[in-house]
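Residue-level structure breakdown
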Amino acid sequence: MTPTDRRILTFPAVQLCKEVSPITLLKSLITTCHGICSLRSSKLFVSQRRKSREAIRQIEILLMLFEEIDERDSFLSDSIVDGFINLHFAFQKLQFLLEDCTLEGAQLFILIKSPFIAHQFRVLFREVASTLSVLPLDLIDVSVEIKEFVRLVTKHSEKAIFRIEPDDAMAIDRLFSVLDQFEARIEPSSTLIKAILDQLNVTTWYRCNMEVKFLNEQIVVRSLNCEKEDPLLSSLVGFISYCRAVVFEKLDNEKAEQRENNFSKEMLRCLNLNDFHCPISLELMTDPVTVSTGQTYDRSSLKKWLKRGKFICPVTGVKLTNAEIVPNLTIKKIIQHFCTEYGIPVPKWGKRNRDIGKTSVPGSLAYAEMIKFLSKFLAQKLQFGTIDEKNKAAFEILLLSKPSFFNRLLLVKANTIPPLIDLLSSADPSTQENAISALLKLSKERRGKKVIISSGGLTPILELLKNGLKMELRQIAATIIFYLVSVEEYRKLIGGTPDAIPSLLELIREGKSCRNSHSVLALFGLALFPENIRRILESGAIPVLIDLLTSTDEEDLVNVPLAVLAILAMKAAGSVALQASGLQIFMSCLRSSTSQTGKEYIVSILLSVCVNVGSEAIGVLATDSMIMASLYPLIRNGTSPASKKARSLVKILHEFHEKKVGMG
């Protein structure tokens with residue numbers, strides 16, 4: 001189990017049963033000891049150095065004991081096996097602790113946890129000493145030298161005193177001094193800040209960014225687990241974010257960071273939303289948990305399953321070894337990212353969870369002041385820096401604005417948007433990409449939208465939407481349009497701009513995937529302004545959207561184009577165009593769809609077409625002998641509007657049949 005498979009500074013050791021084979025136990029002890037000893041050469045012991053080295057030195061001595069027993073094939077009595085089982089349990093926890101102390105990107109976190117870590121070393125050494133003190137060494141067939149070494153380890157472990165190391169204590173004092181100065185609205189000296197970073201071996205922008213990402217992940221994990229906020233953790237994020245932008249003037253690994261972002265997007269494109277449906281309920285999981293077989297289910301569905309006395313894994317049919325369910329935070333984050341990336345409504349994660357991305361309240365006073373200093377610094381770099389400094393400032397704004405509404409709010413207030421808009425015309429592709437990506441994050445806030453429009457940002461954004469050299473830049477521009485049209489007054493402005501709607505449709509057409517959802521969502525927002533419907537129809541939206549419907553089998557992703565078509569169908573011209581495109585597509589979707597929302601949109605479309613076009617359209621529907629079977633469930637179980645529309649459509653079809661019979 002690696003540090004990324006568990007929460008840091010947790011030690012899920014496995015207690016072996018007493019029936020374990022002595023040979024198996026010995027081999028496992030040797031393997032565990034080798035794992036611990038392999039850390040001796042790690043350069044990442046930037047704190048906790050003495051304790052870690054002492055622990056590894058003692059394990060190296062005990063490894064000699066286990067290897068000699070293995071070589072001599074010595075007999076192990078029950079009392080020796082019991083002692084070795086206890087050592088094995090302690091060694092596992094020690095290995096977890098040492099791995100955490102060397103975890104790249106976690107050095108600031110490890111430093112601040114020094115008191116807890118010192119306590120853990122003390123507890124583990126006491127456990128080892130207690131076990132070794134009663135171990136019958138005289139009954140073990142090993143050399144006298146090995147026995148003497150083990151006795152020395154026992155004495156040393158009993159007397160060992162584990163306190164916070166002097167260098168660590170000094171670094172912690174410096175860190176709290178810096179945080180106190182920021183809280184008092186005083187910007188600390190760069191010398192003091194660099195001394196802390198040097199102690200942690202955070203000597204490059206890339207290393208600093210890894211620290212930021214790790215701390216942000218800890219905040220997210222605490223939020224997902226409904227744990228109380230930790231103001232100190234927020235202060236650490238503010239401090240290391242400030243260092244990343246102010247102390248390190250050069251992006252030493254920006255391409256690696258961008259490759260990672262691109263990889264994440266490519267990975268999401270390879271996923272299917274159906275992969276995240278609970279095998280029990282067949283609905284998108286809102287609280288994924290994993291059982292002992294390794295299968296993942298939605299918590300509420302699994303609890304109902306277990307409550308009915310079914311203690312087997314629903315997928316594998318294997319009996320569950322225990323009733324423990326573990327939150328699958330990785331799947332939870334992937335679902336969130338997937339839904340955000342493709343414009344799918346994000347599932348509600350529960351009332352107790354605090355959405356840290358949507359709060360305007362900073363995690364601590366020190367954090368608030370650090371972000372204020374940082375926002376002003378970045379705004380100055382955007383306005384007066386060199387082209388490289390402007391590019392780095394744009395990239396820092398992109399990173400800083402991702403996790404927090406509060407950060408975005410301060411960045412907007414610091415007047416960073418106008419210079420970012422100016423960078424959209426940059427001849428440097430990297431600068432242009434960083435600028436449009438930063439604007440995307442800032443456009444999520446209402447004040448950010450207002451500043452983009454008032455600063456003349458719409459024209460260059462639409463230019464990128466139409467003529468961007470990279471598809472990704474055009475998609476980002478479409479997403480900004482999506483955020484802008486969420487403001488009612490901007491729908492008329494953007495819809496009336498000649499190239500806006502045609503450019504969105506061209507991007508949808510070229511994407512040929514329902515996963516280009518933000519373009520479709522932007523079109524949906526524009527369609528909510530009545531005058532834009534005519535423009536959307538005249539631009540040829542209906543064939544593009546119908547082609548989009550037929551390009552995927554993922555039902556959750558077709559609801560957005562269906563929603564747009566439902567609005568367009570309300571107009572006579574839209575209904576005529578839909579009739580001409582063929583109603584069979586919608587009738588087929590109505591029969592096969594398992595999405596309640598999708599069915600409701602389809603019924604709305606069919607009803608509008610029947611009302612606006614008349615008998616010609618009704619006659620097409622009447623030829624489908626299965627349509628009534630698809631409509632009646634909606635009448636019984638659909639939402640109130642959907643039920644009403646389904647009843648109206650059934651009534652229209654009945655009247656058509658009666659009229660046809662009467663004429664016959």
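Right above here is the structure, for reference.
What comes next is a walk through the structure. Computed from a predicted model, the values in this text were never measured in an experiment. (Residues numbered from 1 in each chain as written. Predicted model: local features only at pLDDT ≥ 70, side-chain atom pairs only at ≥ 80, totals over all residues. Heavy atoms only, no water.)

**Topic: helix H12 (residues 299-307)**
- Buried within H12 we find Ser-301, Leu-302, Trp-305 and Leu-306. Down the axis of H12, the smallest arc covering the buried residues is 130°, so these residues share one side. Of the exposed residues in H12, those oriented more than 90 degrees away from the buried face are Lys-304 and Lys-307. (Buried < 20%, exposed > 50% of the residue type's maximum accessible area, 1.4 Å probe, protein only. Helix = DSSP H or I, 4+ residues; strand = E, 2+ residues; numbered from the N terminus. Arc of directions from axis to C-beta.)

**Examining the environment of Asp-499**
- Within the fold, Asp-499 resides in the loop between helix H22 (488-495) and helix H23 (500-511).
- Asp-499 sits in the partly exposed class, given a relative accessible area of 36%.
- Polar side-chain contacts of Asp-499 include one of 3.3 Å to the side chain of Lys-466. (Polar contact = N/O pair within 3.5 Å; in protein donor to acceptor, adjacent residues only side chain to side chain.)

**As for a nonpolar patch on the surface**
- A surface patch of nonpolar side chains, about 260 Å² in accessible area, is lined by Met-64, Phe-149 and Leu-152.
- Classification of Phe-149 by relative accessible area gives partly exposed; the value is 37%. (Patch = residues over 30% accessible without salt bridge, like charges linked within 9 Å, V, L, I, M, F, W, Y side chains within 5 Å. Areas by Shrake-Rupley, 256 points an atom, 1.4 Å probe, with all protein chains shown as cover. Salt bridge = Lys/Arg side-chain N within 4 Å of Asp/Glu carboxyl O.)

**A word on the pattern of salt bridges**
- Per the stated rule, a full pass over the model turns up 25 salt bridges.
- With its nearest N and O atoms 3.3 Å apart, the salt bridge here joins Glu-538 to Arg-534. Of the two residues, Glu-538 and Arg-534 are both situated in helix H25 (residues 530-538); the distance of four residues between them amounts to about one turn of the helix.
- Among the residues examined, Arg-534 registers a relative accessible area of 47% and is labelled partly exposed.
- Each of Arg-7, Arg-222 and Glu-227 takes part in one network of salt bridges that share partners.

**A word on unusual backbone geometry**
- With a phi angle near 60°, Leu-9 is a residue other than glycine that sits in the positive phi range.
- With a phi angle near 60°, Gln-48 is a residue other than glycine that sits in the positive phi range.
- As for its placement among the helices and strands, Gln-48 is situated in the loop between helix H1 (22-37) and helix H2 (49-72).
- Judged by relative accessible area, Gln-48 falls into the buried class, the value being 0%.

**Remarks on the packing of aromatic side chains**
- Under the criterion given, the structure shown has eight aromatic pairs.
- Taken together, a centroid distance of 6.1 Å and an interplanar angle of 40° make the contact between Tyr-367 and Phe-406 tilted. Remark: Phe-406 occurs in helix H16 (residues 405-413) and Tyr-367 occurs in helix H14 (residues 365-384); sequence separation between them is 39 residues. We note that Tyr-367, like Phe-406, is buried.
- An aromatic cluster of at least three residues, connected via ring pairs, comprises Phe-66, Phe-84 and Phe-91. (Phe/Tyr/Trp six-rings, centres within 6.5 Å; stacked < 30°, edge-to-face > 60°.)

**With respect to helix H20 (residues 458-467)**
- Every buried residue of H20 is accounted for by Leu-458, Ile-461, Leu-462, Leu-464 and Leu-465. The arc enclosing the buried residues of H20, seen along the axis, measures out at 155°, which places them on a common side.
- Taken together, the buried residues of H20 touch helix H18 (429-442), helix H19 (446-454), helix H21 (471-484), H22 and H23. (Contact = heavy atoms within 4.5 Å.)

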